[in-house]
Amino acid sequence: MSDWISDTPALFDLEPSARSALATLTPVTVPRGAVLFRPGEAVAGFALVLSGRIEVFLTGANGRELLLYAVEPGQSCVQTTLGLLGEAAYSGEAVTTRDTRLVMVPRALFLQLMDSSPGFRRMVFAAFAERMEGMIRLMERVSFQSVDCRLAAFLTAQAQGGHLEATQQEIACQIGSAREVVSRRLESFERRGWVRRGRGRVEITDAAALARLALAEA
């Protein structure tokens, strides 16, 4: 049995026949910054992420980007699952944000395993349900929470050692806003003494104030 299967917890409950079918596939390593799919492209297969991270974005007509979700080991890509089951094309763009090791399950094998393997089917639908729940939470935040609240929550959650390495555009994508809006809100936070801004960097100077704001509309 291929080592990658034995090292992948999501596959532990698969039937021997399903594990044998997957064992014929070979993992590949995709470098950071690679585009895995773009809007309008057909779905070719189901990606099992072994290590790394993939981020999936939607881009509006005005060029504004929104991070829909990230795919890490044990997680699934909603757009890929929908495309394989419903033959829909991709509507977003997927980019690796770290060197990523993955196995691509071809469409034919994916559909075969969905029909023949209860274990594979449970794995796919469990990951799909978890991902949909996360997307609903994202919709709630974008629809009902202010930008200030979302920005404070993001800074609080992502800062390490009192600072965050990220551009304002990257922060905007993460919280579902525009770079110009994030820039103005960070400037406001800085005037209040909560943060200090730098090039591609935000230093947290009053974590307690940010935490209170993050919880204000939770």
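Residues numbered from 1 in each chain as written. Predicted model: local features only at pLDDT ≥ 70, side-chain atom pairs only at ≥ 80, totals over all residues. Heavy atoms only, no water.

Enquirer: Looking at this structure, I do not really get the pairing of strand β10 (residues 201–204). What am I missing?
Expert: Successive residues of a regular strand alternate their side chains across the two faces of the sheet. Residues V202 and I204 of β10 are buried on one face, while the alternating residues R201 and E203, pointing to the opposite face, are not. With 3 bridges connecting them, strand β8 (residues 163–165) and β10 associate as antiparallel partners. Within the sheet, the bridge partner assigned to H163 lies in β10 and is E203. Of the pairings in the sheet, the one linking strand β9 (residues 195–198) to β10 comprises 4 bridges and is antiparallel in character. For R197, the partnering residue across the bridge sits in β10 and is V202. (Buried < 20%, exposed > 50% of the residue type's maximum accessible area, 1.4 Å probe, protein only. Helix = DSSP H or I, 4+ residues; strand = E, 2+ residues; numbered from the N terminus. Pairing = 2+ DSSP bridges.)

Enquirer: What's the story with helix α9 (residues 207–216) in this structure? I'm lost.
Expert: Count 3.6 residues to each turn of an α-helix, and residues three or four apart come out pointing the same way. When we look at burial in α9, the residues that qualify are A209, L210, L213 and A214. Angular distribution of buried residues about the axis of α9 spans 135 degrees; they occupy a single face of the element. In this structure, α9 carries R212 and L215 as exposed residues pointing more than 90 degrees from its buried face. (Arc of directions from axis to C-beta.)

Enquirer: What is the right way to look at the sheet that holds β9 in this model?
Expert: Hydrogen bonds between backbone groups are what pair the strands of a sheet, and the pairing can be parallel or antiparallel. What the 3 strands build is an open sheet, ordered β8-β10-β9; its pairing is antiparallel. Since the sheet does not close on itself, it has two edges, and those belong to β8 and β9, each with one partner. Shown here is a sheet whose adjacent strand axes are inclined to one another by a mean of 15 degrees, direction ignored. Docked against the sheet, helix α6 (residues 147–158) engages β8, β9 and β10, running at close to 95 degrees with respect to β8. (Axes fitted to C-alpha atoms, helices over the stretch in contact; angles between N-to-C directions. Contact = heavy atoms within 4.5 Å.)

Enquirer: So what exactly am I meant to see when it comes to the domain arrangement of the protein here?
Expert: When the parts of a complex come together, some accessible area is lost, and that lost area is often taken as the interface size. Segmentation of the protein into domains returns domain 1 (4–143) and domain 2 (145–215). Between the C-alpha centres of domain 1 and domain 2 there is a distance of 30 Å. Facing the 10 residues of domain 1 at the interface are 9 residues of domain 2. Between domain 1 and domain 2 lies a buried interface of about 750 Å² when both sides are counted; carbon and sulfur atoms form 48% of it. Seen at the junction of domain 1 and domain 2, the total is 0 salt bridges. (Domains from an automatic or database assignment. Buried area = accessible area lost by both parts, 1.4 Å probe. Salt bridge = Lys/Arg side-chain N within 4 Å of Asp/Glu carboxyl O.)

Enquirer: What is the right way to look at the UniProt feature "domain: Cyclic nucleotide-binding" (unreviewed entry) in the protein in this model?
Expert: Sites flagged by UniProt as "domain: Cyclic nucleotide-binding" (unreviewed entry) map to residues 25–131. From the first C-alpha to the last, residues 25–131 spans 25 Å; its make-up is 31% helix and 35% strand. (UniProt positions renumbered as here; feature names shortened; annotations may be inferred.)

Enquirer: Could you clarify how one ought to interpret the packing of aromatic side chains in this entry?
Expert: Here a ring pair, both rings aromatic, is described through the centre-centre distance and the interplanar angle of the planes. All told, the structure shown has 5 aromatic pairs when counted by the stated rule. Pairing F37 with Y90 gives two aromatic rings, centres 3.5 Å apart and planes at 0 degrees, and the pair type is stacked. Of this pair, F37 sits in strand β2 (residues 35–37) while Y90 sits in the loop between α3 (78–86) and β6 (93–96); the two residues are 53 residues apart in sequence, bridging distant segments of the chain. Using a relative accessible area of 6% as the deciding quantity, one classes F37 as buried. Taking relative accessible area as the criterion, Y90 reaches 8% and is therefore assigned buried. Between the aromatic rings of F189 and W194, the centroid separation amounts to 5.3 Å while the plane-to-plane angle is 50 degrees, which identifies the pairing as tilted. When its relative accessible area of 0% is taken as the criterion, F189 is described as buried. (Phe/Tyr/Trp six-rings, centres within 6.5 Å; stacked < 30°, edge-to-face > 60°.)

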